[in-house]
Amino acid sequence: MSLSKKEISILIEITYSIVFALIFLPYFYENQEKNLILIDGLIEKIIQIIISTVIYFSIAYSVLEVVFKKKENRDERDDMINSKSYKLGYLLYEFSLFIFIGYLCSNFQNKELLNLTGNQELYISFQITDTGIVFAVLVLLAFISIIKSLYQFYLHRTA
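As a convention, each chain's residues are numbered from 1 in the sequence order in which they are written. Whole-chain, interface and lining totals are the exception, using all residues; otherwise, since this is a predicted model, local features are given only for residues with pLDDT of at least 70 and side-chain atom pairs are given and counted only at 80 or more. Hydrogens are left out, water is left out, and the side-chain values use all remaining heavy atoms of the structure.

The next subject is the nonpolar core. Buried residues of nine kinds, namely Ala, Val, Leu, Ile, Met, Phe, Trp, Tyr and Cys, make up a nonpolar core once their side-chain atoms join them within 4.5 Å. Partly exposed residues are those whose accessible area sits between 20% and 50% of the maximum for their type, while under 20% is buried and over 50% is exposed, using a 1.4 Å probe and protein chains only. Counting 12 residues, the largest nonpolar core is built from Tyr 16, Phe 20, Phe 24, Leu 25, Tyr 27, Phe 28, Ile 39, Leu 42, Ile 49, Phe 135, Leu 138 and Ala 142. The criterion used for residue contact is that any of the two residues' heavy atoms lie within 4.5 Å. Contact partners of Phe 24, with chain neighbours within four places excluded, come to Val 19, Lys 45, Gln 48, Ile 49 and Ser 52.

Our next topic: the environment of Ser 145. Looking at the element boundaries, Ser 145 is found in helix H6 (residues 130-158). Ser 145 sits in the partly exposed class, given a relative accessible area of 21%. By definition, any uninterrupted DSSP run of H or I lasting at least four residues is a helix, any uninterrupted run of E lasting at least two residues is a strand, and each is numbered from the N terminus.

Further remarks concern a nonpolar patch on the surface. Each patch groups residues whose relative accessible area exceeds 30% and which form no salt bridge, using 9 Å between like charges and 5 Å between nonpolar side chains of Val, Leu, Ile, Met, Phe, Trp and Tyr. Exposure was quantified through the Shrake-Rupley algorithm and a 1.4 Å probe, taking into account, for residues, occlusion by the shown protein chains and nothing else. Think of a salt bridge as a Lys or Arg side-chain nitrogen and an Asp or Glu carboxyl oxygen that are within 4 Å of each other. Side chains of Ile 43, Ile 46, Ile 47, Ile 50, Ile 51, Val 54, Ile 55, Ile 59, Val 63 and Val 67 sit close together on the surface and give an oily, nonpolar patch of about 920 Å² of accessible area. Considering the arrangement of structural elements, one finds Ile 47 in helix H3 (residues 42-67). What makes Ile 47 partly exposed here is its relative accessible area of 44%.

The next thing to look at is the pattern of salt bridges. One pass over the full model with this rule turns up five salt bridges. We note a salt bridge from Glu 65 to Lys 5, for which the minimum N-O separation is 2.9 Å. Of this pair, Glu 65 sits in helix H3 while Lys 5 sits in helix H1 (residues 5-23); the two residues are 60 residues apart in sequence, bridging distant segments of the chain. For Glu 65, a relative accessible area of 43% corresponds to the partly exposed category. Residue class for Lys 5 comes out buried when judged on its relative accessible area of 14%. Among the charged side chains, a salt-bridge network with shared partners connects Lys 6, Arg 77 and Asp 78.

Another aspect to go through is H1. Between its first and last C-alpha atoms H1 spans 27 Å; for 19 residues at 1.5 Å apiece the expected length is 27 Å, and the two agree. Among the residues of H1, Lys 5, Glu 7, Ser 9, Ile 10, Ile 12, Ile 14, Tyr 16, Ser 17 and Phe 20 are the ones counted as buried. Those residues of H1 hidden inside the fold are in contact with helix H2 (25-30), H3 and H6. The span expected for a helix works out to 1.5 Å for each residue beyond the first.

Think of a 1 Å grid over just the protein atoms. A cavity is a set of points where a 1.4 Å probe fits yet cannot get out, a pocket is an open set with protein on both sides within 12 Å along at least five of seven lines, and lining residues have an atom within 4 Å of a point. Grid points are joined across faces, edges and corners, and a volume is the space filled by probe spheres set on the points. Taken as a whole, the largest pocket encloses approximately 320 Å³ of empty space. What lines the largest pocket is a set of 16 residues, and nearest its centre among them are Lys 5, Lys 6, Ser 9, Glu 72 and Arg 74. Counting residues per element, the ones that place at least two in the lining of the largest pocket are H1, H3, helix H4 (76-117) and H6.

It is worth spelling out the packing of H1 against H6 at this point. For the pair H1 and H6, interaxial distance at closest approach is 9 Å and the crossing angle is 160°. Taken together, the axes of H1 and H6 are roughly antiparallel relative to one another. Seen from above, H1 lies across H6 with left-handed handedness. Within the contact between the two elements, H1 uses Lys 6, Glu 7, Ile 10, Leu 11, Glu 13, Ile 14, Ser 17, Ile 18, Phe 20 and Ala 21 and H6 uses Leu 138, Ala 142, Ser 145, Ile 146, Lys 148, Ser 149, Leu 150, Gln 152, Phe 153, His 156 and Arg 157. Every axis in this analysis is a line fitted to C-alpha atoms, fitted for helices over the stretch in contact. Angles between the N-to-C directions lie between 0 and 180 degrees. Just so you know how the angles are binned, under 35 degrees is roughly parallel, over 145 roughly antiparallel, 65 to 115 roughly perpendicular, and the rest oblique. Handedness of a helix crossing follows the sense of rotation of the near helix relative to the far helix, less than a right angle counterclockwise being left-handed and clockwise being right-handed.

The next subject is the packing of aromatic side chains. Aromatic contacts are taken between Phe, Tyr and Trp rings whose centres are within 6.5 Å, Trp giving its six-membered ring; a plane angle under 30 degrees counts as stacked, one over 60 as edge-to-face, and the others as tilted. Evaluation of the coordinates by the stated rule reveals eight aromatic pairs. Arranged with centres 5.4 Å apart and planes meeting at 35°, the rings of Tyr 16 and Tyr 56 form a pair that is tilted. Taken as a pair, Tyr 16 in helix H1 and Tyr 56 in helix H3 lie far apart in primary sequence, 40 residues in all. Judged by its relative accessible area of 15%, Tyr 16 is buried. Judged by its relative accessible area of 25%, Tyr 56 is partly exposed. Between Phe 57 and Tyr 61, the aromatic rings sit 5.8 Å apart at their centres with planes inclined by 15°, giving stacked as the arrangement. One end of the pair, Phe 57, and the other, Tyr 61, are both in helix H3, four residues apart, so they sit about a helical turn from each other. Among the aromatic side chains, those forming a connected cluster through ring pairs are Tyr 16, Phe 20, Phe 24, Tyr 56, Phe 57 and Tyr 61. Each ring is checked for a lysine NZ or an arginine CZ that lies within 6 Å of its centre and within 35 degrees of its normal; such an atom marks a charge sitting over the ring. One Lys or Arg, Lys 45, reaches over the ring of Tyr 27 and ends 4.9 Å from the middle of that ring. Sitting over the face of the ring of Tyr 86, Lys 148 holds its NZ or CZ atom 4.3 Å from the ring centroid.

Take a look at the structure:
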């Protein structure tokens, strides 16, 4: 099974999304109960994410260019594949945003219902923090990125 330069480039993106999810998302998962201001080491973690991303893609694409010195032609098929995969990604983003907003609204409504019942312990424990929202958004972005790239890889392999 021989892979083209474009397919390896897609696999580089998929690998990064999976590695990002495995390395950086647990940090945000552990700190969901805290506010963004109260998280220890948030700035350092963001700097780590930026630096590791730049280093990863710089090395990966440099090695890719060294291994595949020949430039591949770009045709209408590539444009069609990119359009289809980005359309799927966009639809997944829109659907996820709709579900996420509905989830937030239902949580706020449930919290207010708990307040009306007078159970203060449940009311206080039933909270959504900004870090929880950031975690949910990052999970959605990583998941959608992986799905979009897998679909793009599939289209390149079958076309």
